[in-house]
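What follows is the residue order along each chain.
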Amino acid sequence: MHPAYSVIFFTTASGAGYGLLALMGVLNAGGYLPVDRWFGLTGFILSLGLITLGLLSSTFHLGHPERSWRALMQWRSSWLSREGVIAVLTYVPAGLFALGWVILEQTTGIWMIMGVFAAIGAAITVYCTSMIYASLKAIPAWTHELVSPIYLVLGLATGGLILDVLLKVYGKPISGLSVLCLMALIVGLVLKLKYWKTIDKTPPATGLASATGLGGIGKVRVLDKPHTSENYLQQEMGYRVARKHAEKLRRIAAVALFIVPIILVSLTLVAPALAIIASVLAFLTAALGVVTERWLFFAEAKHVVMTYYEG
Amino acid sequence: MTSLPESTESKLGLVIDLDICVGCHACAVNCKEWNTSGYHAPLTDVDPYGADPSGVWFNRIHTYEVESASGDSQTVYFPRSCLHCEDAPCVTVCPTGASYKRTEDGIVLVDEDWCIGCKLCSWSCPYGAREYDAQEGVMKKCTLCIDKIYNENLPEESRQPACVSTCPANARHFGDLGDPSSEVSQMVKARGGYDLMPEQATKPVNKYLPPRARQTELANISNNAKLEDASPEGGFLGWLDKVLSD
Amino acid sequence: MDGAHQPINKSPIVADKVDTTTCYMCACRCGIKVHLLDGKIRYIEGNPDHPVNKGVLCAKGSAGIMQHYSPARLSKPLRRIGERGSGEFKEIEWGEALDIATSWLASVRATDPKRLAFFTGRDQSQALTGWWAQQFGMPNYSAHGGFCSVNMAAGGIYTFGSAFWEFSEPDWDNTKYFLMFGVAEDHDSNPIKIGLSKLKGRGAKYVSVNPVQTGYSAIADEWVGITPGTDGLFVMSLMHELLRAGKVDVDYLTRYTNAPYLVIENPGGADHGLFVRDDDGQELCWDRVRNQAEPFKDPDLKPAMKGMFELPDGRKARPVFELLAERYLDNQYSPEVVAYQTGIDADTIRRIAAEIADVAFEQEITIDQPWTDWRGEQHDKMIGRPVSMHAMRGISAHSNGFHTCRAIHLLQILIGSIDVPGGLRYKAPYPKGFNSLPKPTGRPGEIQPNNPLPGPHLGFVQGPEDLLLDDDGQPMRIDKAFSWDAPMAAHGMMHSVITNAWKGDPYKIDVLFMYMANMAWNSSMNTAETIKMLTDRDEDTGEYKIPQIIYSDAFYSETVPYADLILPDTTYLERWDCISLLDRPISDAEGAADAIRHPVVEPDRDVRAFQDVLIDLGGRLGLPGLIKEGGRRRYPEGYKDYIANHERQPGLGNLAGFRGKDGSDKGKGEPNPDQLDKYIENGCYWYDEIPHEAVYYRHANQAYLEYATSMGFIKDPSPIIFNLYSEPQQKFKLAAQGHGDHVPPDEHKDRIEQHFDPLPIWYEPFDQAAVDGNEFPLHALTQRPAAMYHSWGSQNAWLRQIHGTNRLYIPASLAERHDIQDEDWVYLSSRSGKIKVRVAVMNGVNSKTVWTWNAIGKRSGAWNLDEDVKESTEGFLLNNLIDDCLPANNHDYRYSNSDPVTGQAAWFDVRVKIEKAPPEEQTASAQSEPRFDPLKQPPTMPDRPGVMGYTVKQGGNKK
Ligand SMILES: Nc1nc2c(c(=O)[nH]1)N[C@H]1C(S)=C(S)[C@@H](COP(=O)(O)OP(=O)(O)OC[C@H]3O[C@@H](n4cnc5c(=O)[nH]c(N)nc54)[C@H](O)[C@@H]3O)O[C@H]1N2
Ligand SMILES: Nc1nc2c(c(=O)[nH]1)N[C@H]1C(S)=C(S)[C@@H](COP(=O)(O)OP(=O)(O)OC[C@H]3O[C@@H](n4cnc5c(=O)[nH]c(N)nc54)[C@H](O)[C@@H]3O)O[C@H]1N2
Ligand code: SF4
Ligand code: SF4
Ligand code: SF4
Ligand code: SF4
Ligand code: SF4
Ligand SMILES: [Mo]
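Keep in mind that this is a model prediction, so the values were computed, not measured. Each chain carries its own residue numbering, running from 1 in the written order of its sequence. Both sets of labels track the order of writing: A upward for chains, 1 upward for ligands. Local features in this predicted model are restricted to residues whose pLDDT is 70 or higher, and side-chain atom pairs enter the listing and the counts only when it is 80 or higher, whereas totals over whole chains, interfaces and linings include all residues. Side-chain figures throughout are based on the complete set of non-hydrogen atoms in the structure, without hydrogens or water.

A. Summary view of the overall build of chain A. Across its full length, chain A carries 11 helices and one strand. For helices the rule is a DSSP run of H or I covering at least 4 residues; for strands it is a run of E covering at least 2, with both sets numbered from the N terminus onward. Going from the N terminus to the C terminus, chain A shows its helices and strands as α-α-α-α-α-α-α-β-α-α-α-α. Radius of gyration: over C-alpha atoms. The globule rule applied is 2.2 Å multiplied by the number of residues raised to the 0.38 power. Its C-alpha radius of gyration of 21 Å places chain A within 12% of the 19 Å reference for a compact globule of 311 residues. Projected onto its principal axes, the C-alpha positions of chain A cover 70 × 45 × 30 Å. Counting only residues that meet the buried cut, chain A has 56% of its 311 residues in that class. Within chain A, contacts between residues at least 6 apart in sequence are counted, and of these 80% link residues at least 24 apart. Surface accessibility follows the Shrake-Rupley procedure with a 1.4 Å probe radius. Residue values consider only the protein chains on display as shielding. Carbon and sulfur atoms make up 72% of the accessible area of chain A, which amounts to about 12700 Å² in all. Seen as two clouds, the 23 positive and the 14 negative side-chain charges of chain A have centres 6 Å apart. Classification of residues uses two cut-offs on accessible area relative to the type maximum, computed with a 1.4 Å probe and protein chains only: under 20% is buried, over 50% is exposed, and between them is partly exposed. Two residues qualify as a contact provided that any one of their heavy atoms is within 4.5 Å of a heavy atom in the partner residue. Two residue types count as positive, namely Lys and Arg, and two as negative, namely Asp and Glu; His and chain ends fall outside the count. The atom standing in for a charge is NZ when the residue is Lys, CZ when it is Arg, CG when it is Asp and CD when it is Glu.

B. Examining the interface of chain C and chain B more closely. Between chain C and chain B, the residue contacts involve 107 residues of the former and 95 residues of the latter. As used here, buried area is the combined drop in accessible area, with a 1.4 Å probe, of two parts when they are placed together. The junction of chain C with chain B conceals about 8100 Å² of combined surface from both sides, 55% of it contributed by carbon and sulfur atoms. A salt bridge links aspartate 241 of chain B to lysine 306 of chain C; its shortest N-O distance comes to 2.9 Å. The term polar contact refers here to a pair of N or O atoms within 3.5 Å; inside protein, the definition further demands a hydrogen-donor-capable atom paired with an acceptor-capable atom, and it admits residues adjacent in sequence only when both atoms are side-chain atoms. The tally of links between chain C and chain B comes to 47 residue pairs in polar contact (both at pLDDT 80 or more). Ranked by the residues each element gives to the side of chain C that touches chain B, the list is headed by helix H12 (residues 346–362) of chain C, at nine residues. One side-chain nitrogen of Lys or Arg within 4 Å of one carboxyl oxygen of Asp or Glu is enough to make a salt bridge.

C. Layout of the site of ligand 4. The cutoff for a nearby residue is simple: one of its non-hydrogen atoms must lie within 4 Å of the molecule or strand. The immediate surroundings of ligand 4 are formed by 13 residues, with Cys82, Leu83, Cys85, Cys90 and Cys125 of chain B found nearest. Each residue is assigned to one class: nonpolar for Ala, Val, Leu, Ile, Met, Phe, Trp, Tyr, Cys and Pro, charged for Asp, Glu, Lys and Arg, and polar for all the others, Gly among them. Taken together, the residues of the shell around ligand 4 sort by class into 10 nonpolar, one polar and two charged.

D. Spatial organisation of the packing of helix H3 (residues 94–111) of chain C against helix H17 (residues 610–621) of chain C. All names here are of chain C. Contact geometry of H3 with H17 gives a least axis separation of 10 Å together with a crossing angle of 55°. The angle between H3 and H17 places the two elements in the oblique class. The chirality of how H3 crosses H17 is right-handed. Contacts between H3 and H17 involve Trp94, Gly95, Leu98, Asp99, Ala101, Thr102, Leu105, Ala106 and Arg109 from the former and Val613, Asp616, Leu617, Arg620 and Leu621 from the latter. Orientation is described by axes fitted as lines to C-alpha atoms, over the contacting stretch for helices, and by angles from 0 to 180 degrees between their N-to-C directions. Note on terminology: angles under 35 degrees are roughly parallel, angles over 145 are roughly antiparallel, angles of 65 to 115 are roughly perpendicular, and the others are oblique. Handedness of a crossing follows from how the near helix is turned relative to the far one, being left-handed for an anticlockwise turn of less than a right angle and right-handed for a clockwise one.

E. Local environment of the pattern of salt bridges. Evaluation of the coordinates by the stated rule reveals 107 salt bridges over all chains. Salt-bridge contacts for aspartate 604 of chain C lead to arginine 73 of chain C; the nearest nitrogen and oxygen are separated by 3.7 Å. With aspartate 604 of chain C in the loop between strand E27 (591–597) and H17 and arginine 73 of chain C in the loop between helix H2 (64–68) and strand E4 (78–80), this residue pair connects regions lying 531 residues apart in the sequence. Residue classification places arginine 73 of chain C among the buried residues on the basis of a relative accessible area of 10%. A salt bridge links aspartate 577 of chain C to arginine 575 of chain C; the shortest N-O distance between them is 2.9 Å. Look at arginine 575 of chain C and you get buried, because its relative accessible area is 4%. One continuous salt-bridge network, built from bridges that share partners, spans Asp224 of chain A together with Arg807, Glu823, Arg838 and Glu874 of chain C.

F. Focus on the environment of threonine 535 of chain C. All names here are of chain C. One can find threonine 535 in helix H16 (residues 527–535). Exposure remark for threonine 535: the relative accessible area of 26% places this residue in the partly exposed category. With 18 residues separating them in the primary sequence, threonine 535 and alanine 517 have C-alpha atoms 18 Å apart. Contacts of threonine 535, omitting those with residues within four sequence positions, involve Arg84, Tyr544 and Tyr562.

G. Representation of the nonpolar core within the structure. Trp142 of chain A together with Trp132, Phe321 and Phe513 of chain C are the most contacted members of the largest nonpolar core, which totals 485 residues. Domain limits in this description derive from either an automatic procedure or a database domain assignment. Taken domain by domain, this core gets at least three of its residues from each of domain 1 (1–57) and domain 2 (770–921) of chain C. Only buried Ala, Val, Leu, Ile, Met, Phe, Trp, Tyr and Cys residues count toward a nonpolar core, and they belong to the same one when joined by side-chain atoms within 4.5 Å. Within the second largest apolar cluster, nine residues are counted, among which are Leu262, Ile264, Trp286 and Ala304 of chain C.

H. Representation of the interface of chain A and chain C in the model. Counting residues at the interface gives seven residues for chain A, matched by 12 residues for chain C. Summing both sides of the interface, chain A and chain C together bury roughly 800 Å²; the carbon and sulfur share of this comes to 41%. Per-residue buried area on chain A facing chain C is highest for Arg221, Leu223 and Thr228 of chain A; these three make up 61% of the total on that side. The tally of links from chain A across to chain C stands at two salt bridges. Note that aspartate 822 of chain C is salt-bridged to arginine 221 of chain A, the shortest N-O span being 3.8 Å. Our enumeration of links across chain A and chain C arrives at six residue pairs in polar contact (both at pLDDT 80 or more). Of the residues in the side of chain A that touches chain C, the class split is two nonpolar, three polar and two charged.

I. Structural context of the site of ligand 5. Taken together, Cys94, Pro95, Thr96, Ala98, Ser99, Cys115, Ile116, Gly117, Cys118, Lys119, Cys121 and Met139 of chain B make up all the residues around ligand 5. For the shell around ligand 5, the per-class residue count stands at eight nonpolar, three polar and one charged.

J. Inspection of helix H1 (residues 5–29) of chain A at higher detail. The end-to-end C-alpha separation of H1 of chain A is 35 Å, in line with the 36 Å expected for 25 residues at 1.5 Å each. In the segment just after H1 of chain A, glycine 31 of chain A is the residue with positive phi, at about 75°. The span expected for a helix works out to 1.5 Å for each residue beyond the first.

K. Just helix H3 (residues 79–103) of chain A, in detail. Under the 1.5 Å per step criterion, the end-to-end length of H3 of chain A is 34 Å for 25 residues, consistent within 8% with the ideal 36 Å. Residue glutamate 105 of chain A follows H3 of chain A closely and has a positive phi angle near 55°.

L. Quick peek at the sheet that holds strand E30 (residues 685–689) of chain C. All names here are of chain C. Here, any two strands with at least 2 DSSP bridges between them count as paired. The three strands are arranged E26-E27-E30 in an open sheet whose pairing can be described as antiparallel. Of all the strands in the sheet, the pair left with one neighbour each is strand E26 (577–579) and E30. Within this sheet the neighbouring strands show an average axis-to-axis angle of 10°, counted without direction. Bridge count for E26 against E27 is three bridges, and the pairing is antiparallel. Across the sheet, residue isoleucine 579 finds its bridge partner in E27, namely alanine 595.

M. Structural context of a nonpolar patch on the surface. For patch building, the residue pool is restricted to those with more than 30% relative accessible area and no salt bridge; the joining distance is 9 Å between like charges and 5 Å between nonpolar side chains (Val, Leu, Ile, Met, Phe, Trp, Tyr). Together, Val179, Met183, Leu267, Leu269, Val270, Leu274, Ile277, Leu281 and Leu284 of chain A line one region of the surface with nonpolar side chains, adding up to about 770 Å² of accessible area. Those elements that provide at least two residues to the nonpolar patch are helix H6 (175–201), helix H9 (243–270) and helix H10 (275–299) of chain A.

N. A look at the pairing of strand E2 (residues 31–37) of chain C. Residue and element names in this part refer to chain C. Most of E2 is tucked away: seven of the seven residues are buried. Residue alternation in E2 divides its side chains into two sets, Gly31, Lys33, His35 and Leu37 and Ile32, Val34 and Leu36, and both sets are buried. The sheet contact formed by strand E1 (residues 17–22) and E2 spans six bridges and is antiparallel. Within E2, the residue paired with threonine 21 across the bridge is isoleucine 32. One ladder, built from six bridges, connects E2 with strand E3 (residues 40–46); its direction is antiparallel. The residue bridging leucine 36 from the neighbouring strand is isoleucine 41, located in E3.

O. Looking closely at the packing of aromatic side chains. Aromatic rings from Phe, Tyr and Trp, with only the six-membered ring used for Trp, were paired whenever their centres fell within 6.5 Å, and each pair was classed as stacked if the ring planes differed by under 30 degrees, edge-to-face if by over 60, and tilted otherwise. Taken as a whole and assessed by the stated rule, the structure comprises 72 aromatic pairs over all chains. When the centroid spacing of 6.3 Å and the interplanar angle of 35° are considered together, the rings of tyrosine 133 of chain A and tryptophan 123 of chain B count as tilted. Within this pair, whereas tyrosine 133 of chain A is found in helix H4 (residues 110–134), its partner tryptophan 123 of chain B is found in helix H3 (residues 120–124), the two belonging to separate chains. Taken as a pair, tyrosine 133 of chain A and tryptophan 123 of chain B share a single burial class, namely buried. Through successive ring pairs, a cluster of aromatic residues spans Phe118, Trp132, Phe136, Tyr141, Phe513, Tyr515 and Phe610 of chain C. Here, over-ring charges are defined by two tests on the NZ atom of lysine or the CZ atom of arginine: distance to the ring centre within 6 Å, and angle to the ring normal within 35 degrees. Across from the ring centre of tyrosine 69 of chain C, 4.7 Å away, lies the NZ or CZ of lysine 40 of chain C, which sits over that ring.

P. The arrangement of unusual backbone geometry in detail. Look at the link from alanine 41 of chain B to proline 42 of chain B: it is a cis peptide, with omega at -15°. Considering the arrangement of structural elements, one finds proline 42 of chain B in the loop between helix H1 (26–35) and strand E2 (45–46). That bond from aspartate 505 of chain C to proline 506 of chain C is cis: its omega, 10°, falls within 30 degrees of zero. Mapping proline 506 of chain C onto the fold places it in the loop between helix H15 (494–503) and strand E23 (511–515). Phi is positive for histidine 84 of chain B, which is not a glycine, with a value near 50°. Relative to the helices and strands, histidine 84 of chain B is located in the loop between strand E5 (73–81) and helix H2 (89–92). Take histidine 84 of chain B: its relative accessible area is 0%, and that puts it in the buried class. Positive phi outside glycine occurs at aspartate 419 of chain C, with the angle close to 50°. The class for aspartate 419 of chain C is buried, based on a relative accessible area of 0%.

See below:
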């Protein structure tokens, strides 16, 4: 699949934003966070900012962004619609949560419950985002059962890394959060490795035999494409990363998104002096890593329709 | 609201006969010609006179070679257009409801006024039947010539999809595949018509008829048949004598 | 909920006007219905009533809108101002253009008419262009047939009075076994598709003999991947098998063919091999009952089919049939012997012969339709041998094609399958016996300044005495048609004109006048050389060697920059045209048909229909048939006027329908002032069903022969006897042996002697034989793509998306040997050229053959396309490998690369070798070679839209 930057940015940014929002809601409910107006303000600017920028960027690749509101109509069947609806709904508790925290400096009671709702909304939104892809049977690499867990865990990890930085900057580090990040990263790594391994191993369910129905006669090979010039389908679905290239990128993603942050976050736990710099670096490499990971998620996925063109 | 109708009153669709399709592209071009001024007008062409022309087409003809176990190769042409699936993922995936399946005849359509151009339907269609018109920012697709098959301004015989009425080899047929007694259903039954990518569970309405088994041998002539000498003794001219001895 | 959507207008208005006319996106001439809305073309569909296409429309026809509105259309007459080829033109007014043309043409006509060569390419108005040229009086006229398919036309006409090409069709409804040789698209594009579909639907067996398995061959029951140029051997081997087994229709042969004719046996004598005739010129046969020679037409004849007979005058003679049997029973035609060369194994050949025999003789069909033959004998039914055949350029475009074509006809005739139920059927106005057709005109005395030619340019020679030679035995025509180079060049040799005019051999010309042929590109062999010839100057005078070139094209093709004066034509939807029975017919087996085109849209540019221009020029030149007494124009309204009012002979005109003052006559009749309106009312065609008792056995069917005579198709109702044995061929052979008054000069003798034979022969095609098969092991072919018409389809925004570039298809086994993969660049070289191209690997191709789509490669800058289009950066022409001449012979003479009998261009004889381009050339930016400089654009060409959303909707476009 063609890796559109708007979509990569959307899924990674909103993923991190929702992760951050969810952690703020949950950790606040547990009473772990400082009830600091400025801390809250920064947290909300970052989380809601990433979410909003992400969502906006997802409309960039629309043919008719001005009609985006229509995308909320089909929540009964469409995951994109569901995502939109939940995303919009999540703004309500998230907004109130922020209002309470930043304006009223209230983080308990109803405001705390708003935080919990926002966290639930965030999780569901990320899940819906993942399901947009995971529900597309025509792209076998996406219908994998690990796609949603990975989206969720990566949202949590990247959001967590941001919160970790933030807390350290505010001088209120929570080692439990760092551990949580570590765990999320480790789980993420395990899931992603498993994902890559299975998609590499799984033979395509659809080949030219069933795509053309000619398999009964013999082995089918492409002789000519319908047109000598490329069309929308080939441009949109025909993206292919060379195998060698993909492997390199996978390594980059694994190292940047998981290995380095795991080391750096561990470092913050054992060497508090380096905490801030290490956690900032952890976040930055993870950000690079997650973008690479997401780019690959698209670029490596083969749409079954390309079977018709490439065999 | 969204979603697919539980059932449709009829299942209009195409039956494509791979046995006699000669790959002439007539159906594809006539489709383009009709539809560029039809429901989805225009079927935009980008860079039409340049190095990379690329346009919106609802029907495209592929060419395959099929090699049998014995090593014989056969060239097969394969027209590909929307199959108007019963379980059309392009409909359920659509966030706006622009993509829908009509209850009256099962035609899957896009309402361009609702479409936001998110392209998700094209991602969900395993058959590549959706064509994004970047110029107009909307998704377009085969309409089964909805503005032709019912068009009262056209004579009866023209009320067929453009690709069907134009196909010189008569390899394309149109009808109600929901009605087992229809001509197309009968044809599917008799010729072993099949679904593309059954594993995608989209339940296509359109069916393909497989190439017939090639009769390299006539029923009564075996592979190593050989004509007998006319007249073993007199040779050919001796035989001629017999024929002419009247 | 559907209800929420905007209701769909299921019955939009499609047209405020629907006009019928005839498609011209290719040569097939289908009927179309053009839907017009607000004066723009909304939709073109097939006319369901039309006899040719019955409502269907091919890809090209469906893309007519894009042709009509193409930005490559020329818009004004052009006068060259820069060097030839520079593309520098100035626009001029029609008055000036016509003045220039008139002055050039008038001076030639007044001095030496030979110095004009008028050649027309994809011309569907030969009934006008040929006649006009006759009025002009130069010998140099023909249309494109010589580079196209004259082998089929001549092979057929000389054998059975008709031909494959467009003069006959298989009995699609009844045939049970269909053999097709070398056809990719054909002039019968839609009819063949319709027919194949019917045939397959009925379960008939369809065998395609073709080195390449695409298109029609892809749906064949059996694909016979023959080695190019060897069909003659294959067919003769089939005859060998059938004869050996006695599976021939002796009754049919004795009744309808010259099989029983007596042939003089007098080796070395001047009459050897000629027919025995009585004093009335009647061919004699040996009556085995009366034991004496009797005329073939004797109703009681019981002819002998074998034996040596002594005639009363002491001469000896044998029936044709014995000669034929002797020839093809020879072991050299046994399946084992031909297997290696044809690439078809002996078992397959034997089986196919057995199948043909089985279908022809064990599965005969009868139609209960009584009929009477020309001898007056009544038959109570029509017996069919349901084996049919069709062949085209795969046979035609080889230099042995004439004989191969004849061999196929012989095979059909031996099994009695011509014009019988299930066999090959004639299309009116055919059959016509070759000896009833005109002979070519243009002998020395017949060409006089300011005088018309006494007869048509093209025709069928019956012997050396009919050649067009000057007193020294040199060709009268610039293309050397009807000379010893190509004695039976019934369609002329357009492909030789530029070379010969450049060489000044046989003479120089002043004006080359061309119409509708892209001669500086795809219709010439050796394109680069042709371009040089067009721009070459005489060293002494500094003049161009071909001094003046007038060209009519509708588009900015590659040839336009090489002309001095451009007469821009309309598109096919803007003009009158006439698809006449005097030209290549559109009839089908059941009925005679002709058709017209009429303007369905008005030109929006300063262009004129070429035919109107030609008639105007004729008037200005004062050509006899074009002016009346007193110099007034005979056809003041131009072509339209000519179509309706011109009479070839009294009562016989361009159109056969709605003749007579009131339109009630058909075939013959006075001109009808309302004829064209009647045609328009009738869907722009006319169709006349042939009477039932006349639809088969037409060559011998009295009812048909009388009908055809009454319609003016033939002069008198004499039968057309099939020429298994072709006497004109023998006459040339005798001449080459030194007999008679017309003997070829020494340098031509061997060639004539070897390649003329009254019974079909096979020889290795010249250009194949000219090279070492080890050095050039491969055959290189082209095929027409169904969705593209020669060069002119590439300007078409829709078609060029389908075929915007071409690759060289090579067999998988070859790819493996040379370690070549799909998309690799390779060098392909022949004895005369080298090209760099991109490959595609395929299985379904003869293992010694490579091929590509024809005419996709474009010259950069032409057709108002961007300069970097793939048609020119990647696309290529195989023509660059095909030499227009054969290597010099031992007289240091270079014959045209053509069939020695008919002059048919031998496009498919070329042999090549392949080598993979080095790794450093396998880059994404690699380009095909040779590369030509980009052409400059003429002054006014419309802008090319970057984005095009062509649409015509009621009330304008939506939104
Ligand atoms: N290698 C190879 N070469 C071949 C062949 C092959 O098989 N292989 N085939 C040969 C054969 S059989 C043929 S017939 C030739 C065909 O070759 P051409 O006769 O050159 O045919 P086209 O390329 O169609 O070009 C005809 C010209 O007519 C112009 N034209 C189109 N419409 C109109 C019109 O309405 N009016 C006027 N005045 N001009 C118009 C076009 O712009 C174009 O310049 O090619 C020959 N060349
Ligand atoms: N779509 C389309 N239709 C056209 C045209 C066009 O350009 N496009 N051009 C028109 C014109 S001008 C013409 S002349 C006709 C020609 O129509 P066709 O006769 O169909 O001409 P080609 O496309 O040259 O096809 C020649 C076929 O012969 C095969 N062949 C080559 N050598 C041999 C051989 O030695 N033996 C056998 N058995 N087969 C061989 C080739 O593989 C190819 O399939 O088509 C007309 N119709
Ligand atoms: S028009 Fe008919 S024969 Fe031609 S490609 Fe389409 S389906 Fe095949
Ligand atoms: S073929 Fe594709 S576009 Fe058509 S209904 Fe099925 S899924 Fe939808
Ligand atoms: S592109 Fe249009 S039709 Fe397709 S899913 Fe998006 S909104 Fe629906
Ligand atoms: S049914 Fe109509 S829209 Fe669909 S492919 Fe055929 S012609 Fe095109
Ligand atoms: S075959 Fe096609 S291009 Fe040729 S005349 Fe018929 S419709 Fe037109
Ligand atoms: Mo041709």
